[in-house]
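Inside the fold
Below, each chain spelled out in residue letters.
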Amino acid sequence: MLKKIGLLLLIPFAMTGLLQASQAPGIPNDSTGCKDPELFTRMTGFWIYSCRVSDFDRFEFAVAPQKKEVVEGKFHTVAYRLADGQGAVSGLQIIRNHENATKKAGGTVVREWDDFGLNTILKLTKGTNETWVYIKAFDGRYDMTIVQRGAMKQEVVADAASFARGIGENGKIAIYGIYFDTDKSEIKPESKPALDEIAKLLKNDAGLKLYIVGHTDNAGAFDHNMKLSLARADSVVNALVTGSGTAALRLKAYGVASLAPVATNKTEEGRAKNRRVELVAQ
């Protein structure tokens, strides 16, 4: 686990410093249930206005004007506000403190820009832990989102029987338990339960032949997504043939990119539903 980083005291920015052991007099109590992220101490004189913590969520980090890095994992967002009577703290002061503390800890500043407030994206890597940070700062306030990249603990796995029912009723079934990194076609290890159930489906019905169809959302170039969706479908076919002994003649891979959405691509929830693998009866 990455240890908490103390913010640097910068000259002439004399208002910054480390969080004291207890809330200083005159500073409001933090919002109920909120606390500082594990990674950073807070700026002196600030209190937590709001927060949200999740064991698993995703955030799109704008690493370039037309490029986003989607990071999934342990999620913590917190909004800090400067208490009345604590002097003046600029947005630049806040950004520089966090950037310098990150670099001192061996991390990097991925991007900094000015857009309705100062923004910075930070990245820290230690061992197998990769942590991304987004901070938006104004004078006297800043909002921080931290995502420690990691796989979700899969608690719900559809089984072969439900796959068979879906194919029997609709001729196809969407599989959401097969995972890939962003813009990659290699199947992640946590996909094994879903692959095992597909293999069981094929074993239970020796006459069943399937199209394995890869789908993407509409982010990125369409031609690239066509190739990516086919490559992902190919990976599933190869995993089933090599991992379970399924005859290759029973499976055909196709990729259709974003041509068959099941939800809007205007929201992250919709895009997540559109990124899927489908089993379609031949």
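Definitions and cut-offs
- Residue positions are given per chain, counted from 1 along the sequence in the order it is written.
- Predicted model: local features are reported for residues with pLDDT of at least 70 only, side-chain atom pairs are reported and counted for 80 or more only, and whole-chain, interface and lining totals are derived from all residues.
- Values shown for side chains rest on all heavy atoms present in the structure; no hydrogens or waters enter the calculation.
- Residues enter a nonpolar core if they are buried and are Ala, Val, Leu, Ile, Met, Phe, Trp, Tyr or Cys, with the set joined through side-chain atoms within 4.5 Å.
- Per-residue accessibility, obtained with a 1.4 Å probe over protein chains only, is compared with the maximum for each type, and a residue is labelled buried under 20%, exposed over 50%, and partly exposed between these values.
- Helix numbers and strand numbers start at the N terminus; a helix is a DSSP run of H or I with at least 4 residues, a strand a run of E with at least 2.
- Disulfides are defined as cysteine sulfur pairs within 2.5 Å.
- Think of it this way: a Phe, Tyr or Trp ring, Trp meaning its six-membered ring, pairs with another when their centres are within 6.5 Å, and the plane angle makes it stacked under 30 degrees, edge-to-face over 60, tilted otherwise.

Counting 24 residues, the largest nonpolar core has F40, F46, V133, Y142 and M144 as its most contacted members. Where this core is concerned, the elements lending two or more residues are β1 (46-64), β2 (67-82), α1 (91-104), β4 (118-126), β5 (129-138) and β6 (141-149). Ranked by size, the runner-up nonpolar core spans 22 residues in total, among them I175, F180, L208 and I212.

To continue, consider the state of the cysteines. Scanning the entire structure with this criterion turns up 1 disulfide. Here C34 is linked by a disulfide to C51, with a sulfur-sulfur distance of 2.1 Å. Torsion about the S-S bond of the C34 and C51 cystine: about -90°, corresponding to left-handed handedness. Linking C34 in the segment before β1 with C51 in strand β1, this pair joins segments that are 17 residues apart in sequence. Judged by relative accessible area, which is 29%, C51 ranks as partly exposed.

Moving on: the packing of aromatic side chains. Across all of its chains, the model carries 8 aromatic pairs by this definition. Linked through ring pairs, F59, F61, W113, W132 and Y134 together constitute an aromatic cluster.

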